[in-house]
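# Observations on chain architecture
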Amino acid sequence: MIKHFLKIVLRNLHKNRLETIINLIGISTSFCVAIIIFTFVNKEYSFDKFNEKIDRIYMLEEGNSASMCSAIGIDLSNNFPEVQKSVRFNLSANTLFFYERSQTSLNNIVIPKMSWADSVVFDIFDFEFVYGSPQTALKRPFTIVLTEAIAKRFFKSEDPIGKMITNEYGGTYEVTAVIKNIENFHLELDAIASFSSLAVKYGPTFNYQFQDGWQFPTYILTINNELRENLVAKINAYYYEKYTEEELGGMNLKLIPLKDVYFSEISRDGPNGSKTYVFILITIAVFILVIATINFVNLSTAKFQQRIKQIGIKKIVGATRVSLMTELLLESVIISFISLHIGFILAEVILNQLNSSIISNIQMNIVYQFPYFVLFVGFSFFMGVLAGIYPAVYFTSINPLAVFKKISLKGKKGLYLRRVLIIFQFVISIVLIISTITINKQNNFLLNKELGFQKASIIHLEMNAQLYRNLEAFKTKVRQHLNVLNTSYSCRVPGTNFWSWNVSINDVSFYTKVNSIDPDFIDLYEIELLEGRNFDWEIQSDKKSKYIMNEAAVKHFGLERPISGAKLKDFSIYDKNVEIIGVVKDFHFKSLHHIVEPLLFYWSKNAFNTISIKIQSEHFYQTIELIEEDYKSICPNHPFTYRILNETYDELYQNENKLLESFEYLALLSILIACLGLFGLASFLLEQKTKEIGIRKVNGASTFSIIILLLKDFVKWILVAFVIACPIAYYFMDKWLENFAFHTELNLIIFLIAGILATAIGILTISFQAFIVANKNPIESLKYE
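Residues numbered from 1 in each chain as written. Predicted model: local features only at pLDDT ≥ 70, side-chain atom pairs only at ≥ 80, totals over all residues. Heavy atoms only, no water.

## Description of the overall build of the chain
Counting its regular elements, the chain contains 26 helices and 22 strands. For the chain, the accessible surface area stands at approximately 35,400 Å², while carbon and sulfur atoms represent 57% of it. (Helix = DSSP H or I, 4+ residues; strand = E, 2+ residues; numbered from the N terminus. Areas by Shrake-Rupley, 256 points an atom, 1.4 Å probe, with all protein chains shown as cover.)

Spelled out as structure tokens, the structure:
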């Protein structure tokens, strides 16, 4: 029985090749998109899920920053019974370690991402151990846990436990454990050293500081997951009882559930995702599947006259309605299953390209595993049934006698349905076109807006111990090159996370962004000095006892005359004898998602982490090669790694760039699938007008007038879709633009371009067929039927 059904179905698919090909292309493409988006979304939502206690782990936040002072973690675990344990991280990048393999062999390894952490880190986070014990791994100072990849780089096949490695700052650490490489964690970690080492090196106060050193991401493990709101209130009340409001500077601690950290907009180190981006991708995938399904229904109902005679004959010779419905549904399900198979193949091919652009390190393995593969097969079956159920019910409901009595079966119901479905398809496509144009316009706005500083032709290098010991020597070497325009040391550069300090000016306290700079920083970045003066190399008192603030700080602290009369108290150094010597124009040191925050510049060599180098653009990369030689002469053990500031700043908009690329691909695919459906539908509908066209030509109608007549109905559908799509697109794009403190405007031109583009695509899709039909010999047309 099934074999009989399959033979009939395959015969029908072969007979209606154009319809079959259009359906296979549309549905397999939509499956390909769905598979790729599923793998991406699955990876995004897998972050931090390896932690069994994820519902009880929280990250501390203050002022949109994940950086805490070292005292807070200890305070919470010692004074709140709801807090079972707490852990502090102190993150470090590109730390050089030495391992003496023998008296003549020395391994120099740079650990890209490492951190110091409290010993309870392994009680909170579930990192998988290969060697060693989580209970004892970091109990002692100067112990370190390596990931498998780093351990192999150091020790090859040797047993790593008990081996000693020394970092460039002179600290010697014992390897006490090795853990599996950490993946899908919101912090990038290649090694974890004991936090107690820092207290030994910098003194016991380092382990418990409140006013200074807000640089430690801090996490707590609670006794249950229902304490969040009450615990937040208790924590803040505790500190406001312990310190004055001036000392706290408006501090308001929050608890962010670990499951939300990856998708949060908190200022922190490590990878981050966007729920908005994920939601949009899922929505588009659904829409593309819907468009493909609509094509199937449209093409099936459009061939009504051809299929109904076949079904009528089968009914007369005894076929039951159930068997006919089964045949039609099986046809639909087979197309869906074949499309799923093609979709898997396409996804494998396309994913390699996408891994180098829109997404990264996404593998297809997950979709072949249980239960996901079963879910895809089940969804394919469901989609086949969904696409075929209406044609199956509609065709088999017709009285077979009506077919042979030549009773009109066309009716308006099917025509209206096809129109509605075509309009719906183009509504989706036009919304995607408008969204793509808007996102592209906003991205151009982000990249081209005046930022208040110059970021072109600047590279920046992270500090290391060797470079720090030779700051002036390196600067002198670099400045000898004619194409080096300027150099400057600072704590941070624009586009990276600035530190925060509690600063009180005229009795107004606030956690203010700060950046340690040398006197060349403002000139190098061409930041406009509005009032007062810059730091001066010749004035030693400028170091740590003078400040320069931006306009936002002047406004926030209510200063009418900031250069004179401002009483500034810096709680980080407990120094009341500091003064403001200058005011700079506001510049966007953070992304344009945010308003310009109050910022203070100070000058302290101890806080320098970065060197900025400005280079002539004409000889940019040649000069970098010369700088690399200078760098290696001073830091022979360190690889020369630099960042171009333009790229650093552009990374602030990586989610927007991904969104734009995704929309470009998906808008193109949705239009392609919609046009395939329109092409197939037009071919059938125009064929039905053959006799009408012949009569019109005999009566003197020109080819051009007939083409216009044929196009008129289709264009009218697209215009209706445009009218419906505009308010939908405006609503969602307006909401999206609200994520930016500074953004472009939605204007009429965006919508007109989208409307013209959609109409032009629709006309091109059907004009060729219309031209062929309109040019047929009228004698042949009148012989039709």
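## What to know about the pattern of salt bridges
Scanning all chains against the criterion turns up 18 salt bridges. E579 is the partner of K546 in a salt bridge, and the nearest nitrogen-oxygen pair spans 3.7 Å. Taken together, the residues K546 in strand 17 (residues 546-550) and E579 in strand 19 (residues 575-584) connect sequence positions 33 residues apart. K546 gets classed as buried once you look at its relative accessible area, which sits at 10%. Look at the salt bridges and you will find they share partners, linking K475, R479, D518 and D520 into a network. (Salt bridge = Lys/Arg side-chain N within 4 Å of Asp/Glu carboxyl O. Buried < 20%, exposed > 50% of the residue type's maximum accessible area, 1.4 Å probe, protein only.)

## Quick notes on unusual backbone geometry
A cis amide bond links F370 with the next residue in sequence, P371, at an omega value of 5°. With respect to the helices and strands, the residue P371 is situated in the loop between helix 12 (321-354) and helix 13 (372-396). Within the chain, K156 stands out as a residue other than glycine whose phi angle is a positive 55°. Assignment of secondary structure puts K156 in the loop between helix 5 (148-155) and strand 7 (164-167). With a relative accessible area of 49%, K156 lands in the partly exposed category. You will see that E526, though not glycine, has its phi angle at about 55°, which is positive. Mapped onto the fold, E526 is located in the loop between helix 18 (521-524) and strand 16 (529-532).

## A short note on the environment of A667
In this structure, A667 sits in helix 22 (residues 654-688). Through-space distance from the C-alpha of A667 to that of I428 is 8.9 Å; in sequence the pair is 239 residues apart. The residues contacting A667, other than those within four sequence positions of it, are L432 and T436. (Contact = heavy atoms within 4.5 Å.)

## A few points about the packing of helix 17 (residues 471-479) against helix 20 (residues 620-634)
Following both chains from N to C, one finds helix 17 and helix 20 inclined at 155°, their axes separated by 9 Å at the closest point. Relative to helix 20, the element helix 17 is oriented roughly antiparallel. Both helix 17 and helix 20 take part in a crossing whose hand is right-handed. Contact with helix 17, carried on its side by A473, F474, K477 and V478, involves I627, D630, Y631, S633 and I634 of helix 20 and no other residues of that element. Here the residues of the contact of helix 17 with helix 20 sort into six nonpolar, one polar and two charged. (Axes fitted to C-alpha atoms, helices over the stretch in contact; angles between N-to-C directions. Parallel < 35°, antiparallel > 145°, perpendicular 65-115°, else oblique. Left-handed = near helix turned anticlockwise from the far one by under 90°. Nonpolar A, V, L, I, M, F, W, Y, C, P; charged D, E, K, R; others polar.)

## Here's the deal with the environment of W736
With respect to the helices and strands, the residue W736 is situated in helix 24 (residues 703-737). When the C-alpha atoms of W736 and I439 are compared, they prove to be 9.1 Å apart, with 297 residues separating the residues in sequence. Those residues in contact with W736 that lie beyond four places of it in its chain are T276, I439, Q442, E656 and L659.

## Points about the nonpolar core
Residues I459, F474, Y525, I527, F601, I613 and I627 are the most contacted members of the largest nonpolar core, which totals 132 residues. The element best represented in this core is helix 24, accounting for 16 residues. Contact partners of I527, with chain neighbours within four places excluded, come to G452, F453, F521, I522, V584, K585, F587 and F601. In this structure, I54, A117, V121 and L187 belong to the second largest nonpolar core, which totals 29 residues. (Core = buried A, V, L, I, M, F, W, Y, C linked by side-chain atoms within 4.5 Å.)

## Remarks on the side chain of T438
By the secondary structure assignment, T438 is in helix 15 (residues 413-448). Setting aside residues no more than four positions away along its own chain, T438 makes contact with M733, L737, L746 and I750.

## Comments concerning the packing of aromatic side chains
Under the counting rule described, the total for this entry stands at 52 aromatic pairs. The interplanar angle of 80° and the centroid separation of 6.2 Å between the aromatic rings of F122 and F127 together place this pair among those described as edge-to-face. In this structure F127 comes out as buried when scored by relative accessible area, which is 9%. Each residue in the set F453, F498, F521, Y525, F587, F589, F601, Y649 and Y653 is aromatic and connected to the rest through ring pairs, giving one cluster. Of note, K449 hangs over the ring of F742, and the distance from its end group to the ring centre comes to 5.1 Å. (Phe/Tyr/Trp six-rings, centres within 6.5 Å; stacked < 30°, edge-to-face > 60°. Lys NZ or Arg CZ within 6 Å of the ring centre and 35° of its normal.)

## Some details on the pairing of strand 7
Along strand 7, the buried face is formed by I165 and N167; none of M164 and T166, which line the opposite face, is buried. In this structure, strand 3 (residues 83-100) lies alongside strand 7, joined through two bridges in antiparallel fashion. Within the sheet, the bridge partner assigned to F97 lies in strand 7 and is N167. Pairing analysis gives three bridges linking strand 7 to strand 8 (residues 172-179), with the strands arranged antiparallel. Pairing of I165 across the sheet is with Y173, part of strand 8. Hairpin connection, strand 7 to strand 8: the antiparallel pair is bridged by four residues, and G170 has positive phi, about 100°. (Pairing = 2+ DSSP bridges.)

## Considering helix 7 (residues 228-242)
Between the first and last C-alpha of helix 7 there are 21 Å, a value that for 15 residues agrees with the 21 Å anticipated at 1.5 Å per step. For helix 7, every residue scored as buried is listed here: L231, V232, I235, N236, Y238 and Y239. Viewed along the axis of helix 7, the buried residues span an arc of 150°, placing them on a single side of the element. Among the exposed residues of helix 7, those pointing more than 90 degrees away from its buried face are E229, N230 and E241. As for helix 7, its buried residues are in contact with helix 3 (70-79), strand 3, strand 10 (216-222), helix 8 (245-248) and strand 11 (253-257). (Expected span 1.5 Å × (residues − 1). Arc of directions from axis to C-beta.)

## Digging into the sheet that holds strand 21 (residues 610-615)
An order of 13-21-12-22 is seen for the four strands of this open sheet, with the pairing classed as antiparallel. Two strands lie at the open edges of the sheet, namely strand 13 (484-490) and strand 22 (643-644), each paired on one side alone. As judged from the two bridges shared by strand 12 (residues 458-462) and strand 22, these two strands associate in the antiparallel manner. Note on strand 22: the bridge partner recorded for I459 is I644.

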